[in-house]
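# What the coordinates show
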Amino acid sequence: QRFSGSLPTQLGNLRLLTRMEFYDNSIEGAIPNQIGRIERLRYLRLDQNNITSTIPDSLGSLSNLERIEFDENELTGTIPSVLGELSELVTLELG
């Protein structure tokens, strides 16, 4: 069974989380700005969903982030320039 609906803003309260993987589900709506508060996050996989928002600038504060996978969604807008400041980032998949 797949997850559906939107990502809850309360995910930002998981301050010790290092991996967030909700790929290949039926998640829709926006990527919550509050994810930018998960300071230890290293892997963020939201690929293969129905996300229809922009990429929040708040992700630029995730200095430990190594991998972002948002491909196969319906993202809009531009790629935030703050992602260029993530010095640990080795994988960025937005296609």
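Please read these numbers as outputs of a predicted model, since none were measured by experiment. (Residues numbered from 1 in each chain as written. Predicted model: local features only at pLDDT ≥ 70, side-chain atom pairs only at ≥ 80, totals over all residues. Heavy atoms only, no water.)

Time to look at the pattern of salt bridges. Within this structure, the stated rule accounts for six salt bridges. Among the ionic pairs, R45 bridges to D47, the shortest N-O distance being 3.0 Å. The exposure class assigned to D47 is buried, which follows from its relative accessible area of 2%. Ionic contacts of the salt-bridge type, sharing partners, join the residues R45, D47, R67 and E69 into one network. (Salt bridge = Lys/Arg side-chain N within 4 Å of Asp/Glu carboxyl O. Buried < 20%, exposed > 50% of the residue type's maximum accessible area, 1.4 Å probe, protein only.)

Examined bridge by bridge, strand β1 (residues 4-5) and strand β3 (residues 26-29) share two bridges and lie parallel to one another. Looking at the pairing, S4 lines up with S26 of β3. The sheet contact formed by β3 and strand β5 (residues 50-51) spans two bridges and is parallel. Counted as the bridge partner of G29 is I51 from β5. (Pairing = 2+ DSSP bridges. Helix = DSSP H or I, 4+ residues; strand = E, 2+ residues; numbered from the N terminus.)

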